[in-house]
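For reference, the chains in residue letters:
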Amino acid sequence: MITQILPVNEASLEAARVIIARGGVVGMPTETVYGLGANAFDTVAVESIFKIKGRPNDNPLIVHVHKDYDITTLVKDIPDYAKALAKAYLPGPLTMVYKSLGTVSKAVSCGLDTLAIRIPSHEGAQRFLKYVNLPIAAPSANISKHVSPTSAEHVYRDLNGKIELILDGGKCAGGIESTVLDCTGHIPIILRSGLITREMIAMVVGDCGEYVYKDGEKALSPGLKYKHYSPTCKTKLFSSGDFNKAVAYCKNQITLGVKCAVMCDGAASEKIVGIPVLNLGATADEIAANLYLKLREGEDCYDEIVAIEPVMQDGVMVGVMNRLKKACAEVK
Ligand code: AMP
Ligand code: MG
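## Some remarks on the overall build of the chain
Then, number 1: The helix and strand inventory of the chain stands at ten helices and 16 strands.
Then, number 2: Taking 2.2 N^0.38 as the reference for a compact globule, 332 residues should give roughly 20 Å; the C-alpha atoms of the chain span a radius of gyration of 20 Å, in line with that estimate.
Then, number 3: For the chain, the C-alpha atoms occupy an extent of roughly 60 × 50 × 35 Å along the three principal directions.
Then, number 4: Counting only residues that meet the buried cut, the chain has 57% of its 332 residues in that class.
Then, number 5: In the chain, 68% of the contacts between residues at least 6 apart in sequence involve partners at least 24 apart.
Then, number 6: Positive and negative side-chain charges of the chain, numbering 36 and 36 respectively, have mean locations separated by a distance of 4 Å.

Here it is, written out as structure tokens:
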């Protein structure tokens with residue numbers, strides 16, 4: 001199969017519509033990461049997403065819709081706090097989990113009685129969703145466990161020959177996956193942190209909970225139990241306080257003949273001389289936007305990435321740290 005990368009325009013949207021209508025999948029841009037989308041009503045199409053990615057079949061998918069789509073045809077019991085959050089932050093990088101009406105294929109939620117809905121703000125994503133006017137089930141468009149894609153080129157590198165079309169909407173501005181928020185209880189609970197932070201949610205609805213997955217238990221959000229975001233090269237993570245140790249380790253590895261680079265924030269990178277650096281950027285937003293890009297650059301160019309945790313760890317950095325820790329987890 002030949003994989004085409006096309007800019008979002010009338011011709012490519014029509015090509016995408018035809019592929020989706022016959023049960024195929026399309027690579028699509030969003031403001032967080034690129035998605036691999038299929039018609040959420042079509043079980044065979046949804047199942048093919050799992051096959052193409054090698055995704056575990058108990059890790060449910062998020063359904064993407066355009067901003068005028070009537071989500072009450074898909075889910076029920078939308079609480080007032082969810083309406084307030086939707087008004088404040090949608091379209092945007094916030095996925096909300098509701099009780100499902102069971103109108104989309106059961107394969108989307110892997111048997112759960114809930115459904116995760118997202119309304120992306122990316123203009124290309126909105127155009128595509130409006131053009132097909134269907135709920136599109138879409139996980140990130142990478143091979144399962146690998147680093148998520150933040151450009152059409154990243155999608156191509158993972159899925160070349162496995163999908164027909166990637167809609168190219170440029171580099172993703174956000175860079176890490178959406179915040180996933182459980183909206184089935186009396187207060188919202190963050191299942192996965194992201195660019196819509198706990199503080200931003202609390203500002204609108206008072207407070208919210210945060211779910212912490214513990215190894216071995218039945219996960220509220222099944223995706224949490226899997227290894228994720230991992231580059232193909234070796235990784236080693238140091239805390240920001242261990243800056244000197246990390247640099248010494250990297251230098252030693254280089255002496256031993258290992259192609260090695262330090263990955264760190266802008267402030268730390270300024271203190272490093274004589275060894276390669278993967279600079280994540282200065283602000284939390286920059287670091288989020290560059291994380292996957294730099295992990296991919298690292299695996300392309302080096303045998304090992306020596307990551308140093310950024311000093312900042314609140315707000316958006318909660319989500320970044322979650323991804324960085326998983327990317328550098330010992331067990332892959
Ligand atoms: P990905 O598509 O790879 O960005 O992952 C989607 C995330 O949303 C995973 O962590 C899933 O477990 C989570 N998710 C999707 N649907 C649901 C749902 N119905 N209930 C809870 N979590 C969900
Ligand atoms: Mg993913």
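This is not the end of the story, as more comes after the structure.
## A short note on unusual backbone geometry
Then, number 1: With an omega of -5 degrees, the peptide bond between leucine 90 and proline 91 qualifies as cis.
Then, number 2: With respect to the element layout, proline 91 can be found in the loop between helix H3 (80–89) and strand E6 (94–100).
Then, number 3: Phi is positive for aspartate 77, which is not a glycine, with a value near 55 degrees.
Then, number 4: Note that aspartate 77 resides in the loop between strand E5 (75–76) and H3.
Then, number 5: Phi at cysteine 110 is positive, roughly 50 degrees, even though this residue is not glycine.
Then, number 6: Along the chain, the position of cysteine 110 falls in the loop between E6 and strand E7 (114–118).

## Some words on helix H4 (residues 123–132)
Given 3.6 residues per turn, any residue in an α-helix points the same way as the ones three and four places further on.
Then, number 1: Residues of H4 that are buried: Gly124, Ala125, Gln126, Phe128, Leu129 and Val132.
Then, number 2: As for H4, its buried residues are in contact with helix H1 (10–21), strand E2 (26–28), strand E4 (62–64), strand E8 (136–137) and strand E9 (165–168).
Then, number 3: Trailing H4 by a residue or two, asparagine 133 shows a phi angle of about 50 degrees, which is positive.

## Considering the nonpolar core
Then, number 1: Leu74 and Val108 are the most contacted members of the largest nonpolar core, which has 45 residues in total.
Then, number 2: Looking at this core, the elements that each hand over two or more residues are strand E3 (35–39), helix H2 (43–53), H3, E6, E7 and helix H5 (152–159).
Then, number 3: When residues of this core are assigned to their parent elements, the largest contribution, five residues, is made by H2.
Then, number 4: With near-sequence residues (within four places) excluded, valine 108 lies in contact with Ala40, Val46, Pro60, Leu61, Val63, Leu115 and Ala137.
Then, number 5: Judged by nonpolar contacts, the second largest core, of 25 residues, contains Ile176, Ala261, Ile287 and Leu295.

## Quick look at the packing of aromatic side chains
Then, number 1: A complete count under the given rule lists two aromatic pairs for this structure.
Then, number 2: Ring centres of phenylalanine 238 and tyrosine 249 lie 5.8 Å apart, and the angle between their planes is 50 degrees; on these two criteria the pair is classed as tilted. Of the two residues, phenylalanine 238 sits in strand E13 (residues 234–238) while tyrosine 249 sits in helix H7 (residues 243–255), which places them eleven residues apart along the sequence.
Then, number 3: The exposure class of phenylalanine 238 is buried, given its relative accessible area of 10%.
Then, number 4: One residue, lysine 236, lies across the ring of tyrosine 249, its end atom 5.3 Å from the ring centre.
Then, number 5: The ring of phenylalanine 243 has lysine 271 sitting right over it, with the charged end atom 4.3 Å from the ring centre.

Parameters and conventions
- Residues numbered from 1 in each chain as written.
- Chains lettered and ligands numbered in written order.
- Predicted model: local features only at pLDDT ≥ 70, side-chain atom pairs only at ≥ 80, totals over all residues.
- Heavy atoms only, no water.
- Helix = DSSP H or I, 4+ residues; strand = E, 2+ residues; numbered from the N terminus.
- Rg over C-alpha atoms; globule rule 2.2 N^0.38 Å.
- Buried < 20%, exposed > 50% of the residue type's maximum accessible area, 1.4 Å probe, protein only.
- Contact = heavy atoms within 4.5 Å.
- Lys, Arg positive; Asp, Glu negative; His and termini not counted.
- Charge placed at Lys NZ, Arg CZ, Asp CG, Glu CD.
- Core = buried A, V, L, I, M, F, W, Y, C linked by side-chain atoms within 4.5 Å.
- Phe/Tyr/Trp six-rings, centres within 6.5 Å; stacked < 30°, edge-to-face > 60°.
- Lys NZ or Arg CZ within 6 Å of the ring centre and 35° of its normal.

Distances and angles like these do not, on their own, reveal function.
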